[in-house]
Amino acid sequence: MPITFAIASDTIYFAVDQKPKRTSDLQRLRNIKRNPRVAVLVDHYSEDWRALWWARADGTARVLEKDAEASRAIEMLVERYAQYREAVPGGPVVAIHVERWSGWSFT
């Protein structure tokens, strides 16, 4: 599923935001609690195939309590995404400790 994210060192953060959801019992959070092994894939597409690239992060996710780490993650997301300045994500926040980075680029 698509996410907006912020990175600090080897940790990727994302938060449940204000966009309408059918329920607050989100499948993505249940999946993390059931199996915290996750992968995040970021890619860049271009009509000029020489500009193609992707990066993948494999790691372990955890749903954060409302604590200092979650607050800092929200601050990073607000700094990165202008949309979050008007609608600050309410959480919960997920932290992914990256254990392996991999990637590819055409050039």
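For every chain, the first residue of its written sequence is number 1, and the numbers climb from 1 along that sequence. With the structure being a predicted model, the display of local features is reserved for residues of pLDDT at least 70 and the display and counting of side-chain atom pairs for 80 or more, all residues being used for whole-chain, interface and lining totals. To get the side-chain values, all heavy atoms of the structure are used, and hydrogens and water are removed first.

Caption draft 1: Looking closely at unusual backbone geometry. Of the consecutive residues Gly-91 and Pro-92, the connecting peptide bond is found in the cis state with omega at 5 degrees. A run of DSSP states H or I qualifies as a helix once it reaches four residues; a run of E qualifies as a strand once it reaches two. Both are numbered from the N-terminal end. Looking at the secondary structure, you find Pro-92 in the loop between α3 (82-86) and β5 (93-105).

Caption draft 2: View of the side chain of Ser-46. Take Ser-46: it is sitting in the loop between β3 (37-44) and β4 (53-63). Any pair of N or O atoms that falls within 3.5 Å is considered a polar contact. Within protein, one atom must be able to donate a hydrogen and the other to accept it, and sequence-neighbouring residues count only if both atoms are side-chain atoms. Separated by 3.1 Å, the side chain of Ser-46 and the backbone nitrogen of Asp-48 make a polar contact. Ignoring any residue separated from it by four or fewer positions in sequence, one finds Ser-46 in contact with Ala-51 and Leu-52. The contact definition used throughout considers only heavy atoms, calling two residues in contact when any of these lie within 4.5 Å.

Caption draft 3: Examining the sheet that holds β4 more closely. On the basis of which strands lie adjacent, the open sheet formed by 5 strands has the order β1-β2-β5-β4-β3 and antiparallel pairing. Each edge of the sheet is formed by a strand with only one pairing partner; in this case those strands are β1 (6-8) and β3. For this sheet, the mean angle separating the axes of adjacent strands, direction not counted, is 35 degrees. Being paired, for any two strands, means DSSP has found at least two bridges between them. Where β4 meets β5, 11 bridges bridge the pair, whose relative direction is antiparallel. Opposite Ala-61, over in β5, you have Ile-96 as the bridge partner. Here an angle of 0 to 180 degrees is reported between the N-to-C directions of two axes, which are lines fitted to C-alpha atoms, with helices fitted over the stretch in contact.

Caption draft 4: Expanded view of the pattern of salt bridges. A pairing counts as a salt bridge when a side-chain nitrogen of Lys or Arg comes within 4 Å of a carboxyl oxygen of Asp or Glu. In the structure shown here, the tally under the stated rule is 7 salt bridges. For Arg-100, the salt bridge identified is with Asp-58, shortest N-O distance 3.5 Å. One end of the pair, Arg-100, is in strand β5; the other, Asp-58, is in strand β4, with 42 residues separating them in the sequence. A salt bridge links Arg-72 to Glu-75, with the shortest nitrogen-to-oxygen separation between them at 3.2 Å.

Caption draft 5: Fine view of helix α2 (residues 68-80). Expected helix span is taken as 1.5 Å per residue step, with the number of steps being one fewer than the number of residues. Relative to the 18 Å expected for 13 residues at 1.5 Å per residue, α2 spans 18 Å between its end C-alpha atoms, a close match to the ideal helical length. Elements that come into contact with the buried residues of α2 comprise β1, β2 (11-15), α3 and β5. For α2, the side-chain oxygen to backbone nitrogen distance between the N-cap and Glu-69 is 3.2 Å, and the N-cap itself is Asp-67.

Caption draft 6: Focus on the environment of Val-42. Mapped onto the fold, Val-42 is located in strand β3. In this scheme, a residue with accessible area under 20% of its type's maximum is buried, one over 50% is exposed, and one in between is partly exposed, where area comes from a 1.4 Å probe on protein chains only. Given the relative accessible area of 25%, Val-42 is considered partly exposed.

Taken by themselves, the reported measurements are silent on function.
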